[in-house]
Amino acid sequence: CVIAAVHHAEVVAHRVGEPFGSLVLAVAVTVIEVGLIVTLMLGGGPDKATLARDTVFAALMITCNGILGLSLLVAVWRRPVAVFQSEGSRAALATIAALATITLVLPALTQSTQGPTLTTPQLVFASLMCLVLYGLFVFAQTVRHRDYFLPVGDDPDEHAAPPGRRAAWASGGLLLLSLVAVVGLAKTVSPALESAVAEAGLPLGVVGVAIALLVLLPETLAAVRAARRQRMQTAVNLAYGSAIASIGLTIPAIALASVWMQGPLVLGLPPTGVTLLALTVVLGSLTVIPGRATLVQGGVHLAVFGAFLVLAFSP
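Thresholds applied
Residues numbered from 1 in each chain as written. Predicted model: local features only at pLDDT ≥ 70, side-chain atom pairs only at ≥ 80, totals over all residues. Heavy atoms only, no water. Helix = DSSP H or I, 4+ residues; strand = E, 2+ residues; numbered from the N terminus. Rg over C-alpha atoms; globule rule 2.2 N^0.38 Å. Buried < 20%, exposed > 50% of the residue type's maximum accessible area, 1.4 Å probe, protein only. Contact = heavy atoms within 4.5 Å. Areas by Shrake-Rupley, 256 points an atom, 1.4 Å probe, with all protein chains shown as cover. Phe/Tyr/Trp six-rings, centres within 6.5 Å; stacked < 30°, edge-to-face > 60°. 1 Å grid on protein atoms, 1.4 Å probe; cavity = no way out; pocket = protein on both sides within 12 Å on 5 of 7 lines; lining within 4 Å. Points joined across faces, edges and corners; volume = space filled by probe spheres on them. Nonpolar A, V, L, I, M, F, W, Y, C, P; charged D, E, K, R; others polar. Axes fitted to C-alpha atoms, helices over the stretch in contact; angles between N-to-C directions. Parallel < 35°, antiparallel > 145°, perpendicular 65-115°, else oblique. Left-handed = near helix turned anticlockwise from the far one by under 90°. Core = buried A, V, L, I, M, F, W, Y, C linked by side-chain atoms within 4.5 Å. Patch = residues over 30% accessible without salt bridge, like charges linked within 9 Å, V, L, I, M, F, W, Y side chains within 5 Å. Salt bridge = Lys/Arg side-chain N within 4 Å of Asp/Glu carboxyl O. Polar contact = N/O pair within 3.5 Å; in protein donor to acceptor, adjacent residues only side chain to side chain.

Undergrad: Lay out the overall build of the protein chain with the relevant residues and their values.
TA: The number of helices and strands found in the protein chain is 10 helices and 2 strands. For the protein chain, the α and β elements follow one another from N to C terminus as α-α-α-β-α-α-α-α-α-α-β-α. The C-alpha radius of gyration computed for the protein chain amounts to 19 Å, which stays within 12% of the reference 20 Å derived for 315 residues, consistent with globular compactness. Along the three orthogonal principal directions, the C-alpha set of the protein chain runs to about 55 × 45 × 40 Å. Relative to its full complement of 315 residues, the protein chain shows a buried share of 50%. Long-range pairs, those at least 24 residues apart, make up 85% of the contacts in the protein chain with a sequence separation of at least 6. Within the structure as shown, the protein chain displays about 14,000 Å² of accessible surface, and the carbon and sulfur contribution to it stands at 69%.

What follows is the structure in structure tokens.
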């Protein structure tokens, strides 16, 4: 159902064109992610308090290191340098850094509550900032600075005829149906997923990693296909756009759903997570500022992603 949802999102994206296409894909994936998290948290108890944090952080590591690094390697497989627009990429990375710091780092440093949590006013402020920053980024991406997010160079598939209006509307309806199906099936799949993690003796945070990997797999395939066609900017839009949507939409939704949940909503990252997040932002800055990347940058991002996976399974 996840693959079907992203397929229909791609049809709609081809109809509306870039950068709206990347936005459609990112929002579709985020809706799936939010639905899975809320379903699992509502069906659990206090032991699910960190699920939202683990899933959002896993999504950040997957998009900003895994998808970006893999896309860079694919893009430079036949050409020595991958080229993309530094202006749009810098704006996206700055938004990610601000959102991640407000929602995932500051809760571990506040003194108003015990543990890595936020008070109700602090959570309301963080949720509002997520929505405001996400709205500002979308406005810049689609209206004010749309040219900063368009692919560099030409691509033979770029001129393929877009689907007709009827096909686009049909895919839009099937996209909504697929999203509803994913959220509904999450309730059925979650017990097996949780029991498998428990029987393997793995940390509970692995559930969040599994959710993020499942949801972002079709997004990864779309980014790799774009990188193979030397449309690295589209791959960057997909990676960073998904990261921004994952924080900017998931945190407010989880904050609203926490009214009906039992137990605290833990958002603050442990020291290892803060370290990986800071390293990701620094490396991302060094990658996107020049607007050109080589094999080395792709390998570095994948190395950080590998470190995240190792620490997730063996903290």
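Undergrad: I'd like to hear about the packing of aromatic side chains, residue by residue, with values.
TA: With the rule as written, the count across this model stands at 3 aromatic pairs. Residues Phe57 and Phe308 carry aromatic rings whose centres are separated by 5.6 Å and whose planes lie at 80° to one another, so their mutual orientation is edge-to-face. One end of the pair, Phe57, is in helix 3 (residues 51-75); the other, Phe308, is in helix 10 (residues 295-313), and 251 residues separate them in sequence. Taken individually, Phe57 and Phe308 each receive the classification buried, so the pair is uniform in this respect.

Undergrad: Describe empty space enclosed by the protein, listing the residues and the values that go with them.
TA: Where empty space is left in the structure can be found by rolling a water-sized probe over the atoms. All told, the structure shown has 2 cavities of 30 Å³ or more when counted by the stated rule. Considered as a void within the structure, the second largest cavity measures approximately 40 Å³ in volume. The wall of the second largest cavity is formed by Leu60, Met61, Cys64, Leu93, Ile96, Leu277, Thr280 and Val281. Only helix 3, helix 4 (86-105) and helix 9 (271-288) provide two or more residues apiece to the lining of the second largest cavity. Broken down by class, the residue content of the lining of the second largest cavity amounts to 7 nonpolar, 1 polar and no charged.

Undergrad: Kindly report on the packing of helix 3 against helix 10, identifying the contributing residues and their values.
TA: The N-to-C vectors of helix 3 and helix 10 enclose an angle of 150°; their axes lie 7 Å apart at closest approach. The pairing of helix 3 with helix 10 is recorded here as roughly antiparallel in orientation. Considering how the two elements wind past one another, helix 3 and helix 10 form a crossing that is left-handed. Of the residues in helix 10, those touching helix 3 at Phe57, Ala58, Met61, Ile62, Cys64, Asn65, Gly66, Leu68, Gly69, Leu70, Leu72 and Leu73 are Leu295, Gln297, Gly298, Gly299, His301, Leu302, Val304, Phe305 and Phe308. Among the residues forming the contact of helix 3 with helix 10, the class breakdown is 14 nonpolar, 7 polar and no charged.

Undergrad: Describe the nonpolar core, listing the residues and the values that go with them.
TA: Among the nonpolar cores identified, the biggest contains 88 residues, and Met232 and Tyr240 are the most heavily contacted of them. Ignoring sequence-local partners within four residues, the contact set of Tyr240 consists of Cys64, Leu68, Ser89, Ala92, Leu93, Ile96, Gly284 and Val288.

Undergrad: How would you summarise a nonpolar patch on the surface if you had to cite specific residues and measurements?
TA: On the surface, Val124, Leu128 and Leu131 cluster together to form a nonpolar patch covering roughly 260 Å² of accessible area. Tracing the backbone shows Leu128 in helix 5 (residues 120-144). Overall, the relative accessible area of 48% leaves Leu128 in the partly exposed class.

Undergrad: Please set out the pattern of salt bridges residue by residue, giving values where relevant.
TA: The tally for this structure, following the rule as stated, stands at 1 salt bridge. Arg53 is paired through a salt bridge with Asp54; the nearest N and O atoms lie 3.1 Å apart. Assessed through its relative accessible area of 13%, Arg53 is described here as buried. Taking relative accessible area as the criterion, Asp54 reaches 15% and is therefore assigned buried.

Undergrad: Explain the side chain of Arg53 to me, and be specific about the residues and the numbers.
TA: Take Arg53: it is sitting in helix 3. Side-chain polar atoms of Arg53 contact the side chain of Asp54, separated by 3.1 Å. When neighbours within four sequence positions are excluded, Arg53 is seen to be in contact with Leu104, Val266, Leu267, Gly268, Leu269 and Pro270.

Undergrad: Tell me about unusual backbone geometry, and please be specific about residues and values.
TA: At Gln230, a residue that is not glycine, the phi angle is positive and equals roughly 65°. As for its position among the elements, Gln230 is in the loop between helix 7 (205-228) and helix 8 (232-257).

The values reported here are purely geometric and, on their own, carry no functional implication.
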